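Here's the letter readout for the chains.
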Amino acid sequence: TDGTPLVVEHTLANIQEEYVNAELRLSGKMDWIDWVAGLFYFDAKGFNHAINPQVSNNFFRVQYTTYKPTSKAAFVNATVRPLGDKLGIVLGLRYSDDKKVVRYTNINDIQPNSGDIRFDVTPTDSRLSWKVGLNWQPTDDILLYGSAATGYSLPGFNGRPLQITQVQSTGAND
């Protein structure tokens, strides 16, 4: 800026999101096992429409992003106690099917130019994740436990790149 109190760039944004999230669980307990099984569902859609008037050159930058993530999963988890209440073996599985559709534009309002950014990404993945653990309760007041598990997330990306060199994936997490 030039030090004056005038705004050099200002963003006017309209953001909308809608989503549905549901989970169904069944569980049970017996002397030697506690278990839970279920289904998970997530569906969303949204957009971000922004206009950036640039006082310095009388141009407008127009950003429009739409996204539609979906996730479906089935899971089961059990704590098995073969030697009574003091020792528990934890076992779990989760199958996930995920998809994220994103369409992004950041363009100059006058005419197409080299600074315009447009991209579509659709990261998808289906995975089987697991968990295994051990619980030991030597007394009523002490519980010692340990576990190992796998999991993942879809790749991400810079959601508001200002130049084409900023369009890049952040990579998935395993």
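All of these numbers come straight from a predicted model, not from anything done at the bench.

S.K.: Even after reading the chapter, I still don't get the overall build of the protein, so can you show me in this structure?
M.R.: Along the backbone of the protein there are zero helices and nine strands. Listing the helices and strands of the protein from first to last along the sequence gives β-β-β-β-β-β-β-β-β. Of all 174 residues assigned to the protein, the portion counted as buried reaches 24%. In the protein, of all internal contacts separated by at least 6 residues, the share reaching a separation of at least 24 is 57%. When the accessible surface of the protein is split by element, carbon and sulfur atoms take 58% of a total near 11900 Å².

S.K.: Would you mind going over a nonpolar patch on the surface with me for this structure?
M.R.: Taken together, the side chains of V76, I89, L91, L93, Y95, L128, W130, V132 and L134 define a hydrophobic patch exposed on the protein surface, amounting to about 790 Å² of accessible area. Broken down by secondary-structure element, the contributors of at least two residues to the nonpolar patch are β4 (87-108) and β6 (124-139). Here L128 shows up in strand β6. According to the relative accessible area criterion, L128 is exposed, its value standing at 57%.

S.K.: For this particular structure, what's the right way to read the packing of aromatic side chains?
M.R.: The geometry of an aromatic ring pair comes down to the distance between the two centres and the angle between the two planes. Tallied over the entire structure, the rule returns three aromatic pairs. Between the aromatic rings of Y104 and F119, the centroid separation amounts to 5.1 Å while the plane-to-plane angle is 25°, which identifies the pairing as stacked. With Y104 in strand β4 and F119 in strand β5 (residues 117-121), this pair connects stretches of sequence that are 15 residues apart. Take Y104: its relative accessible area is 1%, and that puts it in the buried class. Residue class for F119 comes out buried when judged on its relative accessible area of 10%.

S.K.: Help me out: how do you make sense of the side chain of D98 in this one?
M.R.: As for its placement among the helices and strands, D98 is situated in strand β4. Here D98 is buried and forms no salt bridge, its nearest opposite-charge partner R94 lying at an N-O distance of 6.6 Å. Here S71 takes part through its side chain, which lies 2.4 Å from a polar atom of the side chain of D98. Polar contacts involving the side chain of D98 include one to the side chain of Y152, which spans 2.3 Å.

S.K.: Sorry if this is basic, but what is going on with the pairing of strand β3 (residues 59-80) here?
M.R.: Residues in a regular strand point their side chains to alternate faces of the sheet. Across 20 bridges, strand β2 (residues 33-54) lies against β3 in antiparallel orientation. Note on β3: the bridge partner recorded for F40 is A73. Note: β3 against β4, 20 bridges, orientation antiparallel. Across the sheet, V76 pairs through a bridge with L93, a residue of β4.

S.K.: Before we go on, may I ask you to explain the side chain of T65 in this structure?
M.R.: With respect to the secondary-structure elements, T65 resides in strand β3. Every residue in contact with T65, bar those within four places of it in the chain, is listed here: G46, F47, N48, V102, R103 and Y104.

S.K.: What am I meant to see in the pattern of salt bridges here?
M.R.: One side chain can pair with another of opposite charge once the charged atoms of both are near each other. Across all of its chains, the model carries six salt bridges by this definition. A salt bridge links E23 to R25; the shortest N-O distance between them is 2.4 Å. Classification of R25 as exposed rests on a relative accessible area of 57%. Between K68 and D43 there is a salt bridge whose closest N-O contact spans 2.9 Å.

Calculation criteria
Residues numbered from 1 in each chain as written. Predicted model: local features only at pLDDT ≥ 70, side-chain atom pairs only at ≥ 80, totals over all residues. Heavy atoms only, no water. Helix = DSSP H or I, 4+ residues; strand = E, 2+ residues; numbered from the N terminus. Buried < 20%, exposed > 50% of the residue type's maximum accessible area, 1.4 Å probe, protein only. Contact = heavy atoms within 4.5 Å. Areas by Shrake-Rupley, 256 points an atom, 1.4 Å probe, with all protein chains shown as cover. Patch = residues over 30% accessible without salt bridge, like charges linked within 9 Å, V, L, I, M, F, W, Y side chains within 5 Å. Salt bridge = Lys/Arg side-chain N within 4 Å of Asp/Glu carboxyl O. Phe/Tyr/Trp six-rings, centres within 6.5 Å; stacked < 30°, edge-to-face > 60°. Lys, Arg positive; Asp, Glu negative; His and termini not counted. Polar contact = N/O pair within 3.5 Å; in protein donor to acceptor, adjacent residues only side chain to side chain. Pairing = 2+ DSSP bridges.

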